[in-house]
Amino acid sequence: MKTADSWLTQELCLDVSDLDYVQHVMRSILDRLATDRNLLTTLVDEVVNHPARLAASRVTLLLNRLSLWEAPDHSFEIRLNMNPRPENQLVPHDHCYAFATHILTGGYVHVVRRRTNGWEGPFTGADLQPAIVTVERPGSTYALDHSMVHQAVMAPDTITLFIRGPRRKAASHAAEELMPPAQSWPEAAAPGNQPEQSRSATVDEYLTMRRYLRDRRIIN
């Protein structure tokens, strides 16, 4: 079986200013990993043995994710996203980094929006207009810069590989007036605490996610 440091550590650093190059490398990494089931299995199995990866694996109001790999120079991180919550998919948002996504199973309607109040800082739904609408299916890969606003309305059982580059701004943004209510947020890991928009996955939640991936033949 391949080890996680076989070809991933040979990729060049993505902390560079050439966005076209960064997105090309991101897409190349995801397309290759999507066809390397043994390596993908190894990365998923290793999460529980790496405290940093387990802490970075999260249960969020949008979906669950496993943190599979972070480059030694911290210039990129690979995640595996699953368990989308369709009722919470309607919030337009941006990210702190450039990223790419490869769809493994399921699919979704992907809406990239055009901001009417500039490229930086907070925004509301009134500041956005639809720009591109696509239907993403298994096998497709796309990449976006940190300044782009988007939303992905995912079908049940959608599973995606996701890679992010280095942080390019202090905070991400979402249309706050469209955020789902707190009662739809993930339950707290500790009984008695308040629901959270995003928190680290517990070991039991990790094991449930791994079983979910095996049942759907994403990993061995």
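Our subject is the structure that appears above.
Cut-off values and rules
- The written sequence of each chain sets the order in which its residues are numbered from 1.
- Local features are withheld for residues below a pLDDT of 70 in this predicted model, meaning they are given only at 70 or higher, and side-chain atom pairs are given and counted only at 80 or more; totals for whole chains, interfaces and linings count all residues.
- Side-chain descriptors were evaluated using all non-hydrogen atoms of the structure, hydrogens and water having been removed beforehand.
- Put simply, DSSP H or I for four residues or longer makes a helix, DSSP E for two residues or longer makes a strand, and each gets a number counted from the N terminus.
- Strands pair, by our definition, only if DSSP identifies at least two bridges between them.
- Orientation is described by axes fitted as lines to C-alpha atoms, over the contacting stretch for helices, and by angles from 0 to 180 degrees between their N-to-C directions.
- Two residues qualify as a contact provided that any one of their heavy atoms is within 4.5 Å of a heavy atom in the partner residue.
- The length a helix should cover is 1.5 Å for every residue beyond the first.
- A 3.5 Å cut-off defines polar contacts: any pair of N or O atoms within that distance qualifies, except that in protein one atom must be a possible hydrogen donor and the other a possible acceptor, and neighbouring residues in sequence count only when both atoms are side-chain atoms.
- Buried, partly exposed and exposed residues are distinguished by accessible area as a fraction of the type maximum, computed with a 1.4 Å probe on protein chains only: under 20%, between the cut-offs, and over 50%, respectively.
- A side-chain nitrogen of Lys or Arg and a carboxyl oxygen of Asp or Glu constitute a salt bridge if their distance falls within 4 Å.

**Side note on unusual backbone geometry**
So, step 1. Positioned with a positive phi, N83 is a non-glycine residue whose angle comes to about 55°.
So, step 2. Position of N83 relative to the elements: it lies in the loop between β3 (77-82) and β4 (99-105).
So, step 3. One non-glycine residue, D157, adopts positive backbone phi at about 65°.
So, step 4. Relative to the assigned elements, D157 resides in the loop between β8 (149-154) and β9 (159-164).

**Let's talk about the sheet that holds strand β6 (residues 128-136)**
So, step 1. Pairing within the open sheet is antiparallel, and its 3 strands lie in the order β6-β5-β8. In the strand order of this sheet, the two ends are held by β6 and β8, each with one partner. Strand-to-strand twist across the sheet, computed as the mean angle between neighbouring axes with direction ignored, equals 20°.
So, step 2. Where strand β5 (residues 108-115) meets β8, 6 bridges bridge the pair, whose relative direction is antiparallel. What sits directly across from V112, in β8, is H150.

**Regarding the sheet that holds β9**
So, step 1. Here we have 7 strands laid out as an open sheet, ordered β7-β4-β9-β3-β2-β1-β10, and antiparallel in their pairing. Taken across any chain shown, the strands that pair with only one partner, and hence form the sheet edges, are β7 (141-144) and β10 (198-200). Sheet twist, expressed as the average angle between the axes of neighbouring strands with direction ignored, equals 25°.
So, step 2. In the sheet, strand β1 (residues 58-60) pairs with strand β2 (residues 64-70) via 2 bridges, with the strands oriented antiparallel. Residue pairing across strands places R58 opposite R65, the latter belonging to β2.
So, step 3. Contacts from helix α1 (residues 19-34) reach β3, β4, β7 and β9, with the element oriented near 20° to β4.
So, step 4. Across the sheet, helix α4 (residues 203-215) is in contact with β1, β2, β3, β9 and β10; its angle to β2 comes to roughly 90°.

**Here we look at α1**
So, step 1. Between its terminal C-alpha atoms α1 stretches 22 Å, which fits the 22 Å expected from 16 residues at 1.5 Å a residue.
So, step 2. Check the buried side of α1 and you find it contacts α2 (37-46), β3, β4, β7 and β9.
So, step 3. N-cap assignment for α1: the residue whose side-chain oxygen lies 3.2 Å from the backbone N of D20 is D18.

**Structural notes on the environment of R164**
So, step 1. Relative to the assigned elements, R164 resides in strand β9.
So, step 2. On the basis of relative accessible area, R164 is assigned to the buried category, the value being 14%.
So, step 3. The spatial distance from the C-alpha of R164 to the C-alpha of L30 is 11 Å, given a sequence separation of 134 residues.
So, step 4. Residues in contact with R164, not counting those within four places in the same chain, are M26, E70, S75, F76, E77, R79, Y97, A98 and F99.
So, step 5. There is a polar contact of 2.9 Å between the side chain of R164 and the side chain of E77.

**Focus: the pattern of salt bridges**
So, step 1. The full count for this structure, using the stated rule, is 10 salt bridges.
So, step 2. Residue D15 is joined to R168 by a salt bridge in which the shortest nitrogen-to-oxygen separation is 3.1 Å. Remark: R168 occurs in the loop between β9 and β10 and D15 occurs in the segment before α1; sequence separation between them is 153 residues.
So, step 3. Residue classification places D15 among the partly exposed positions, given a relative accessible area of 44%.
So, step 4. Between R53 and E46 there is a salt bridge; the shortest N-O distance is 3.3 Å.
So, step 5. On the basis of relative accessibility, which here comes to 22%, the residue E46 falls in the partly exposed class.
So, step 6. It is possible to trace a salt-bridge network through shared partners that takes in E70, E77, R79 and R164.

Read these as layout, nothing more, since geometry by itself doesn't imply function.
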